[in-house]
Amino acid sequence: MTKSAIIIGGGTAGMETASRLAHLGIEVNLIEKQSQLGGHLNSWDRLFPNRRDSKEVHEYLEHGMNDAIFLHLNAEIDILRHESERFIVKLKDGKELNSDALVIATGYEVFDAGKKEEYGYGIYDHVITSVEMEEIFRKYKQKNLFEGMASKRVGIIHCVGSRDEKAGNIYCSKLCCVTGVKQAIEIKELMPDAEVFCFYMDLRMFDRYFEEMYFEAQAKWGVQFIRGRLSEASENQDHTLLIKVEDTLTGLPLKMKVGLLILLVGFVPNPETRRLAAMLGLKEGDDRFLCPADEHTLTNSTTIPGVFIAGTVKGPAGIASTIADARATALQVADYLKVQK
Amino acid sequence: MKSFGYTISKDRQINFDANDFEITRLIDAVEPSIMLCMGCGSCTGTCSAGHFTEFNIRRIHTLIQRGEFDHLKQEIMKCMLCGKCQLVCPRGVNLRNLILSIHTALETFGI
Amino acid sequence: MEKGKYRLINRNTGQSLRVVEHIGCHYSKMFPSKGIGGAEYPYVLTGMIEEWGGEVIDYPERRHCCGFGFRQYLVQANRGFSISCSKKKFDSMEPYKPDMILTNCPGCPMFLDRWQYAISEMEGKTYGENGFGIPVLTYEELAGLILGYDPWDLGFQVHQVPVEPLLEKIGIPYDPEKKFKGINGQDLGRPESPSFLKFYPEKA
């Protein structure tokens, strides 16, 4: 009898796990709550470190999906059950699916910047998130970004919702720093006479070519980096934003006005993941992301046999490592299914 | 004007929008490698002058980028141009030339 | 609002009065979970102002401390720091042309009122229109005015920044002759005129 797997979540991880499993001859049901696949990959215009179009990655992932995958779009899950080595998934539209293995790839959400009241998101006009900035890049490639703004200065704020006890997330979201540097360069490319300032606590340029991006931002584009976390943002009469930071490298408080304030929002666990995890009895870490069976050696399985995880349900991760992780999950699922009767 | 026995304190907050950057622009033009600085402090850690005076080259040039030039003239005189800072800079900033360009800028603007 | 006799509207222009609200640090900075509306945009004074027809001004130094504290102000050597905090607020709110400041702390209004006088003596600078300064009221005083109590019964004669321009804008009647008369009509004398901050009545 053909072995089967149900994958919950049709983002980067879900799509790659699905195509690898289908390739291995396993029957796959892929459940996605939105009307299209891709998840957060669809939010980004160009990806670091080489600033290539995210659509190319989306095409690659779509390309791997074949007819052996049963796709359920606009599908939300009502109940999940685990009954003697079978998994039963009941969708809200009444459909019931069952399989021998389950993969949770429900991804993440971005931090709601409105929770940081002192930054003015949702209160003042020219405060946006990094996700909204990507939308702007995608839609307005030739447009004058600063039309109607009283200042051609952009402030990029690192660590919004991450490394912040008041926001409830003390972990680092890892990828926001490089996103900030990438967006700084992209703004300078679009508007060379804009002044761009990045306000950071630490610059986490941990992966290949990230440090080189930081170097390029300074050497080639004149982006200025001020080490100091944003304390508060207020609005001037001309709708520019007045921001206050400590310039820690000189030890003095500093205020400046910017025309546009971009908040680099971090990763938070998807509430849907937590709901499904509770139904199955999966363990969460203190940071509310899911725990794998072993931190080093079994990062794609969980403590429940037959339940596997892929992608950002485990914590912040980039596109490249999510794709690699999804392939590893597919292999773990296949190995598990081989020994099942 | 009356005095009540106390004075209004000087605001030490850097008001970026109120500062005049013409000195900064001249220095940046003469020594553009200064834009590579990442604030690591290797230069200041090894600086000969820094042991016995308050001379802090990292802080000084960061303040220049913020448009703050208080005490710049007397501070920059403390540098002996030994070149130890330049030897250790991980980003390749030409620090000796930077110090000389600061002297030039101060002279150009009659400070 | 049913009992209120007056509204925070400038009867000459028909526009809402522009009000700066100042929340005491002890209210929502020290006890953020107890502040109505949260710590960053407490609603307690905003609610009153909007209910009474006024317009609330948001300006960059809105959350800055007025500088009262205890150790700062009570020791003369530290007073310079205190007055500088209030001055920072005044300089920031000035371009927004507020008609008045509303506070909910006992120390802040005393400060914001008195320091306008002290700053005018030390530096010759006044805020507000025509050198009259920006009147500072506590919410109790404003509630009293709205309910129709006589300004001199509420104690406005001890304010250093004259409230008469504000009373005229709202349309609250007052008797200038009664300003410096105590209970039983006895004359209380006149305070010395400040050098720069204008005073009502302009003639003694």
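Throughout, residues of each chain are indexed from 1 in the direction in which the sequence is written. The order in which chains are written sets their letters, starting at A; the order in which ligands are written sets their numbers, starting at 1. Where totals are concerned, whole chains, interfaces and linings use all residues; where local detail is concerned, this predicted model gives features only for residues with pLDDT of at least 70, and gives and counts side-chain atom pairs only at 80 or more.

**Description of the overall build of chain C**
The line we're drawing: Comment: elements are numbered from the N terminus, with helices defined as DSSP H or I runs of at least four residues and strands as E runs of at least two. As a rule, residues whose C-beta atom has 12 or fewer other C-beta atoms within 10 Å are exposed, those with 20 or more are buried, and those in between are partly exposed; C-beta atoms are placed from the backbone. Note that contacts rest on C-beta atoms placed from the backbone: two residues are in contact if these are within 7 Å.
In terms of regular secondary structure, chain C is built from 8 helices and 4 strands. The helix and strand sequence of chain C, counted from the amino end, reads β-α-α-β-α-α-β-α-β-α-α-α. Along the longest, intermediate and shortest principal axes, the C-alpha atoms of chain C span 45 × 45 × 35 Å. Taking all 204 residues of chain C together, the buried fraction comes to 34%. Looking at chain C alone, contacts between residues at least 24 apart form 68% of all its contacts between residues at least 6 apart.

**Re the pairing of strand 17 (residues 252–258) of chain A**
Moving residue by residue along a regular strand, the side chains alternate between the two faces of the sheet. Going by this rule: A strand pair is defined by DSSP finding two or more bridges across the two strands.
Counting buried positions along strand 17 of chain A yields 5 of 7 residues, so the element is predominantly enclosed. Counting the residues that bridge the hairpin from strand 16 (residues 241–247) of chain A to strand 17 of chain A gives 4 residues, and of these G251 of chain A lies at a positive phi of roughly 75 degrees. For strand 17 of chain A and strand 1 (residues 14–15) of chain B, the ladder comprises 2 bridges, and the chain directions are parallel. When the sheet's bridge partners are listed, L254 of chain A is paired in strand 1 of chain B with I14 of chain B.

**Quick notes on the domain arrangement of chain A**
Residue and element names in this part refer to chain A. Here is the rule: Domain segmentation is taken from an automatic or database assignment of domains. Amino acid classes used here: Ala, Val, Leu, Ile, Met, Phe, Trp, Tyr, Cys and Pro are nonpolar; Asp, Glu, Lys and Arg are charged; the rest, including Gly, are polar.
Once the domains are mapped, chain A shows domain 1 (4–107 + 270–339) and domain 2 (113–267). Centre-to-centre, using C-alpha coordinates, domain 1 lies 32 Å away from domain 2. Taken residue by residue, the interface counts 10 residues in domain 1 and 16 residues in domain 2. When the residues that make up the side of domain 1 that touches domain 2 are grouped by side-chain class, the tally is 4 nonpolar, 3 polar and 3 charged.

**Here's the deal with the nonpolar core**
Residues and elements named next belong to chain A. How we decide: Note on definitions: a nonpolar core is a set of buried residues drawn from Ala, Val, Leu, Ile, Met, Phe, Trp, Tyr and Cys, linked by C-beta atoms within 7 Å.
Formed by 51 residues in total, the largest nonpolar core has its most connected members in L261 and L263. Counting residues per element, this core draws most heavily on helix 4 (residues 176–190), at 7 residues. Ignoring any residue separated from it by four or fewer positions in sequence, one finds L263 in contact with A113, Y119, Y121, V127, T129, S130, I157 and V160.

**Side note on helix 3 (residues 57–65) of chain B**
Residues and elements named next belong to chain B. With respect to burial, helix 3 is a largely interior element, 7 of its 9 residues being buried. Within the sequence span of helix 3, burial applies to I57, R58, I60, H61, T62, L63 and I64. Considering only its buried residues, helix 3 is in contact with helix 1 (22–30), helix 2 (42–46), helix 4 (72–76), helix 5 (84–88) and helix 6 (95–108). G67, located one to two residues past helix 3, shows a positive phi value of around 85 degrees.

**Observations regarding the environment of P49 of chain A**
All names here are of chain A. In this fold, P49 is placed in the loop between strand 3 (46–47) and strand 4 (52–53). Of the residues examined, P49 has 18 C-beta atoms within 10 Å and is grouped as partly exposed. When the C-alpha positions of P49 and D207 are compared, they lie 8.8 Å apart, and in sequence the two are 158 residues distant.

**Some details on the sheet that holds strand 7 (residues 86–91) of chain A**
All names here are of chain A. Our working definition: For helices, the axis comes from a line fit to the C-alpha atoms of the stretch in contact; other axes are also lines fit to C-alpha atoms, and the angle between any two N-to-C directions lies between 0 and 180 degrees.
Strand order in the open sheet formed by 3 strands is 6-7-8, with antiparallel pairing between adjacent strands. In this open sheet, the two strands that pair with only one neighbour each are strand 6 (77–83) and strand 8 (96–99). On average, adjacent strands in this sheet sit at an angle of 15 degrees to one another, irrespective of strand direction. Of the pairings in the sheet, the one linking strand 6 to strand 7 comprises 6 bridges and is antiparallel in character. Paired with R81 across the two strands is I88, which belongs to strand 7.

**Thoughts on the environment of T250 of chain A**
Among the structural elements, T250 of chain A can be located in the loop between strand 16 and strand 17. Under the C-beta neighbour-count criterion, T250 of chain A is labelled buried, with 22 such atoms within 10 Å. Measuring from C-alpha to C-alpha, the distance between T250 of chain A and I226 of chain A comes to 9.9 Å, with 24 residues separating the pair along the chain. When residues no more than four places from it in sequence are discounted, the contact partners of T250 of chain A are R59, T62, L63 and R66 of chain B.

**Remarks on the interface of chain A and chain B**
Taken residue by residue, the interface counts 14 residues in chain A and 14 residues in chain B. Within the residue set of the side of chain A that touches chain B, elements represented by two or more residues are helix 5 (210–219), strand 14 (224–227) and strand 17 of chain A. Taken together, the residues that form the side of chain A that touches chain B break down as 6 nonpolar, 4 polar and 4 charged.

**Digging into the interface of chain B and chain C**
With 9 residues of chain B at the contact, the number on the chain C side is 13 residues. Here the residues of the side of chain B that touches chain C sort into 4 nonpolar, 3 polar and 2 charged.

**Things to note about unusual backbone geometry**
A cis geometry characterises the amide bond from F48 of chain A onward to P49 of chain A, with omega recorded as 0 degrees. One non-glycine residue, L81 of chain B, lies in the positive phi region at around 60 degrees. Within the fold, L81 of chain B resides in the loop between helix 4 and helix 5. Taking the C-beta count within 10 Å as the criterion, L81 of chain B has 13 such neighbours and is therefore assigned partly exposed. If you check the backbone angles, N130 of chain C has positive phi at about 55 degrees while not being a glycine. Mapped onto the elements of the fold, N130 of chain C is located in the loop between helix 5 (107–123) and strand 4 (136–138). We classify N130 of chain C as exposed; it has 8 C-beta atoms within 10 Å.

**Looking at the sheet that holds strand 13 (residues 195–200) of chain A**
All names here are of chain A. The sheet built from 5 strands is open, its strands ordered 11-18-12-13-14 with parallel pairing. This sheet does not close on itself; its edge strands, each paired only once, are strand 11 (127–129) and strand 14. Sheet twist, expressed as the mean angle between neighbouring strand axes with direction ignored, is 25 degrees. Pairing analysis gives 5 bridges linking strand 12 (residues 153–160) to strand 13, with the strands arranged parallel. Its bridge partner being in strand 13, R153 is matched across the sheet by E195.

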